[in-house]
Amino acid sequence: MPESHSMLFVTFDDPAAVRAAYDEVRELHGVRQAAVLERSAEGILDVPESWVHGAGTPTVVSGLLGGLVGLLGGPVGFFLGWTAGTVLGGATEFKRFQDAAEGLTVFSSGLAEGQSMLIVDLREESPGPVDAIAGRHGGRLVRRPAEEVEAEVRAAQRTAEDEVRKEQEDAEG
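This is a predicted model, so every value here is computed, not measured. (Residues numbered from 1 in each chain as written. Predicted model: local features only at pLDDT ≥ 70, side-chain atom pairs only at ≥ 80, totals over all residues. Heavy atoms only, no water.)

**Points about the overall build of the chain**
So, step 1. When you go through the chain residue by residue, the secondary structure sums to five helices and five strands.
So, step 2. Moving toward the C terminus, one meets the helices and strands of the chain in the order β-α-β-β-α-α-β-α-β-α.
So, step 3. Of the contacts made within the chain by residues no fewer than 6 positions apart, 73% connect residues no fewer than 24 positions apart.
So, step 4. Surface exposure of the chain reaches about 10300 Å², of which carbon and sulfur atoms provide 61%. (Helix = DSSP H or I, 4+ residues; strand = E, 2+ residues; numbered from the N terminus. Contact = heavy atoms within 4.5 Å. Areas by Shrake-Rupley, 256 points an atom, 1.4 Å probe, with all protein chains shown as cover.)

**Points about the nonpolar core**
A general trend in soluble globular proteins is that nonpolar side chains are found buried together.
So, step 1. Core analysis: the biggest nonpolar cluster contains 17 residues, and Phe 12, Val 25, Leu 118, Val 120 and Leu 122 have the highest contact counts within it.
So, step 2. Looking at this core, the elements with two or more residues in it are strand 1 (4–12), helix 1 (15–25), strand 2 (31–39), strand 4 (116–124) and helix 4 (128–136).
So, step 3. Ranked by the residues each element gives to this core, the list is headed by helix 1, at five residues.
So, step 4. In this view, Leu 118 contacts Leu 8, Phe 9, Val 10, Phe 12, Val 18, Ala 21, Tyr 22, Val 25, Ala 35 and Val 36; residues no more than four positions away in its chain are not counted.
So, step 5. Counting nine residues, the second-largest nonpolar core is a separate cluster that includes Leu 37, Met 117, Ala 146 and Val 149. (Core = buried A, V, L, I, M, F, W, Y, C linked by side-chain atoms within 4.5 Å. Buried < 20%, exposed > 50% of the residue type's maximum accessible area, 1.4 Å probe, protein only.)

**Here we look at the sheet that holds strand 4**
So, step 1. Taken together, the five strands give an open sheet; going across it, the order is 3-2-4-1-5, and neighbouring strands pair in antiparallel fashion. Both outer strands of the open sheet, strand 3 (45–52) and strand 5 (140–145), are each paired with one neighbouring strand and no more. Geometrically, the sheet is characterised by an average inter-axis angle of 15° between neighbouring strands, direction not taken into account.
So, step 2. Pairing analysis gives six bridges linking strand 1 to strand 5, with the strands arranged antiparallel. Bridging across to strand 5, Met 7 finds its partner in Arg 144. (Pairing = 2+ DSSP bridges. Axes fitted to C-alpha atoms, helices over the stretch in contact; angles between N-to-C directions.)

**A few points about the side chain of Asp 121**
So, step 1. One can find Asp 121 in strand 4.
So, step 2. With no salt bridge to any partner, buried Asp 121 finds its closest opposite charge in Arg 32, at an N-O distance of 4.1 Å.
So, step 3. Here the side chain of Asp 121 touches His 5 through a polar contact of 2.6 Å, side chain to side chain.
So, step 4. The contact partners of Asp 121, leaving out residues within four places of it in the chain, are His 5, Ser 6, Met 7, Gly 30, Val 31, Arg 32 and Gln 33. (Lys, Arg positive; Asp, Glu negative; His and termini not counted. Salt bridge = Lys/Arg side-chain N within 4 Å of Asp/Glu carboxyl O. Polar contact = N/O pair within 3.5 Å; in protein donor to acceptor, adjacent residues only side chain to side chain.)

**Topic: the pattern of salt bridges**
So, step 1. Evaluation of the coordinates by the stated rule reveals 10 salt bridges.
So, step 2. With a shortest N-O distance of 2.0 Å, Glu 152 and Arg 144 are connected by a salt bridge.
So, step 3. Its relative accessible area of 34% is what places Glu 152 among the partly exposed residues.
So, step 4. Using a relative accessible area of 17% as the deciding quantity, one classes Arg 144 as buried.
So, step 5. Across the pair Asp 170 and Lys 166 runs a salt bridge whose closest N-O atoms are separated by 3.2 Å. Here Asp 170 and its partner Lys 166 are both found in helix 5 (residues 146–172), four residues apart, which amounts to about one turn of the helix.
So, step 6. Assessed through its relative accessible area of 49%, Lys 166 is described here as partly exposed.
So, step 7. Overlapping salt bridges, with partners in common, bring together Arg 19, Glu 38 and Glu 49 in one network.

Here is the structure:
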């Protein structure tokens, strides 16, 4: 079976079960990121666990590259290059984190009070390993193509930006 890029949404009634499934999923080959969402009985949404494969790498790599380029300017150049590279890498990671957080918000709307959800972004060759984890922990699994999910998140972002722009225009006018 060819590899597919999917987003998995696994809903649980037991918070302990979602945490156990989260720990197992993180160990699977092809997992790019995972997060646990919980909605309290009062309706408050929390993200107690999240993990991104390779987090920190862009910041470290861009800092090192900036430092190496800065070596041409001596010790001060190294420091300035390293600092600039680290700031640029950190900004890249922050944007990626911000986009992921907005995506979690979009998909949390269907989470009922008292339920938990495991959201996983992965490239998988076979659905078997994740299906087994969800089944073992009593989760209800929905698998969707990542491109479809990303398009929904972008549409929600555009809608939110349009609403903010309209509110600003109304406040100014």
